[in-house]
Amino acid sequence: MLIDSHCHLNYPGLVEDEEAVIARAHEAGVGAMISISTREREWDAVIAGAERHRNVFATVGIHPHEADQHPDIDTARLVAAAGHPKVVGIGETGLDYYYDKSDRERQRRSFRAHIAASRETQLPLIVHTRDAEDNTIEMLGEEMAEGAFPMVIHCFTGSTRLAEACLALGAYISISGIVTFRNAAALQETARLIPADRLLVETDSPFLAPVPMRGRTCEPGYVVHTARFLADLRGEDYQDLESITVNNTLKLFSKMSENCG
Ligand SMILES: [Zn+2]
Ligand SMILES: [Zn+2]
């Protein structure tokens, strides 16, 4: 059994076919999945999806791309929405200076509002970071010193330096299908170094289908391919990698176990 720690079930490509996508995931051995919010207007839909399916969980957050569209996002609204029993995390949030789709100062302000919500609820912060390593390390370090919060760096594609800095702050690191790509040698090297007790796997579907599914719409069941690749890469037994990543996911997203019924 595996858990897809990060997917977007409400996005085009998956939403039209929700029942079949979830059924195929279960057939592939994916026992649960966390459906991640990126905009406030989709929170209700993402939570409704989690209400329809016992093994689907939800998060509330604003993607850094969407920071300009949510200039007044505040911690209180995140905390209130996170009170729903199936909301198990805060995010995704963070910094994306690669696409720069939102003003960087707005991205940072939104990131801080999410961090405060994570600290208050103790639900894990789901961090998206791209081409923003210095600011990410600096902000997470400053904020952690103000009061601890659990977190995961999702779809990790950064440097070994970023991985080590985040691990030192207590973060988990989630690896997506990108690690299976032919040009991902640097990421493969980093993925080898992540301690077993901090490793998560995800699809980030409908994006980033892993080898050998490239070119198709990614879906949660495909996390199996990423897990197989990682087990080979790290020289671990596949069953061990399954149980390690499931245990890590349930430890980090501890509200999942409380609300599995
Ligand atoms: Zn992301
Ligand atoms: Zn995502």
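Now for a quick tour of the structure. Just so it is clear, the model here is predicted, and its values are computed rather than measured.

1. Considering the coordination of the zinc ion (ligand 1)
Turning to step 1, where the next piece is worked out: At 2.0 to 2.1 Å from the zinc ion (ligand 1) lie its protein donor atoms, namely Glu92 (OE), His128 (ND1) and His154 (NE2).
Turning to step 2, where the next piece is worked out: For the zinc ion (ligand 1), the single-chain donor residues occur in sequence as E-x35-H-x25-H.
Turning to step 3, where the next piece is worked out: The metal-metal distance between the zinc ion (ligand 1) and the zinc ion (ligand 2) is 3.5 Å, with Glu92 serving as a donor to both. Remark: His154 occurs in the loop between β6 (151–153) and α6 (160–168) and His128 occurs in strand β5 (residues 125–130); sequence separation between them is 26 residues.
Turning to step 4, where the next piece is worked out: In this structure His128 comes out as buried when scored by relative accessible area, which is 14%.

2. What to know about the sheet that holds strand β4 (residues 87–96)
Turning to step 1, where the next piece is worked out: Judged by pairing direction, the sheet is parallel, and its eight strands sit side by side in the order β1-β2-β3-β4-β5-β6-β7-β8 without closing on themselves. Pairing within the sheet leaves two strands with one partner each, and these edge strands are β1 (2–7) and β8 (199–201). Across the sheet, the mean angle separating the axes of adjacent strands is 30° when strand polarity is ignored.
Turning to step 2, where the next piece is worked out: Along the sheet face, helix α1 (residues 18–28) touches β2 (30–35) and β3 (56–60) and points at about 135° away from the line of β2.

3. Describing unusual backbone geometry
Turning to step 1, where the next piece is worked out: Omega for the bond connecting Gly91 with Glu92 falls within 30 degrees of zero, at 15°, which places this linkage in the cis form.
Turning to step 2, where the next piece is worked out: Counting through the fold element by element, Glu92 comes out in strand β4.
Turning to step 3, where the next piece is worked out: Looking along the chain, the bond that leaves Val211 and enters Pro212 is cis, with omega of 10°.
Turning to step 4, where the next piece is worked out: Note on placement: Pro212 falls in the loop between β8 and α8 (223–234).
Turning to step 5, where the next piece is worked out: For Gln122, which is not glycine, the phi torsion reads 60° and is therefore positive.
Turning to step 6, where the next piece is worked out: Classification of Gln122 by relative accessible area gives partly exposed; the value is 42%.
Turning to step 7, where the next piece is worked out: Positive phi, close to 55°, is recorded for Asp131, a residue that is not glycine.
Turning to step 8, where the next piece is worked out: Position of Asp131 relative to the elements: it lies in the loop between β5 and α5 (133–146).

Analysis parameters
- Residues numbered from 1 in each chain as written.
- Chains lettered and ligands numbered in written order.
- Predicted model: local features only at pLDDT ≥ 70, side-chain atom pairs only at ≥ 80, totals over all residues.
- Heavy atoms only, no water.
- Donors = N, O, S within 2.8 Å, 3.2 Å for Na, K, Ca; no water.
- Helix = DSSP H or I, 4+ residues; strand = E, 2+ residues; numbered from the N terminus.
- Buried < 20%, exposed > 50% of the residue type's maximum accessible area, 1.4 Å probe, protein only.
- Pairing = 2+ DSSP bridges.
- Axes fitted to C-alpha atoms, helices over the stretch in contact; angles between N-to-C directions.
- Contact = heavy atoms within 4.5 Å.

In short, shape yes, function no, at least from these values alone.
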